[in-house]
Amino acid sequence: MDDKFLVGVLLGMVGGAVIVANSVKARKFVKDGQQQVLDKAQELTKQNEKKN
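In this text, all values refer to a predicted model and were calculated from it rather than measured experimentally. (Residues numbered from 1 in each chain as written. Predicted model: local features only at pLDDT ≥ 70, side-chain atom pairs only at ≥ 80, totals over all residues. Heavy atoms only, no water.)

Trainee: I tried to follow a nonpolar patch on the surface on my own but got confused; where do I start?
Mentor: On the surface, F5, L6, V9, L10, M13, V14 and V18 cluster together to form a nonpolar patch covering roughly 650 Å² of accessible area. If you trace the backbone, F5 turns up in helix α1 (residues 3-22). By relative accessible area, which is 49% here, F5 ends up partly exposed. (Patch = residues over 30% accessible without salt bridge, like charges linked within 9 Å, V, L, I, M, F, W, Y side chains within 5 Å. Areas by Shrake-Rupley, 256 points an atom, 1.4 Å probe, with all protein chains shown as cover. Salt bridge = Lys/Arg side-chain N within 4 Å of Asp/Glu carboxyl O. Helix = DSSP H or I, 4+ residues; strand = E, 2+ residues; numbered from the N terminus. Buried < 20%, exposed > 50% of the residue type's maximum accessible area, 1.4 Å probe, protein only.)

Trainee: Help me understand the packing of α1 against helix α2 (residues 24-51), please; the structure alone is not making it clear to me.
Mentor: When two helices pack together, their arrangement is given by the angle between their axes and by how far apart the axes lie. Direction vectors running N to C along α1 and α2 enclose 105°, while the axes themselves pass 5 Å from each other. Here α1 lies roughly perpendicular to α2, going by the angle between them. Contacts between α1 and α2 involve I19, V20, A21 and N22 from the first element and V24, A26, R27 and V30 from the second. When its residues are assigned to classes, the contact of α1 with α2 shows six nonpolar, one polar and one charged. (Axes fitted to C-alpha atoms, helices over the stretch in contact; angles between N-to-C directions. Parallel < 35°, antiparallel > 145°, perpendicular 65-115°, else oblique. Contact = heavy atoms within 4.5 Å. Nonpolar A, V, L, I, M, F, W, Y, C, P; charged D, E, K, R; others polar.)

Here it is in structure tokens:
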């Protein structure tokens with residue numbers, strides 16, 4: 001891969017982490033997103049159990 005691409009990805013990840021760490025609104029957005037993923041996973045698990 002191109003070195004510039006890898007540096008850009010790394011800077012983007014670090015920048016995103018800094019923004020989330022310093023922003024209450026962004027932190028809430030991430031937390032809500034995680035909860036939605038967990039809820040969906042539980043829903044799919046329950047549906048799978050009903051089929052079996």
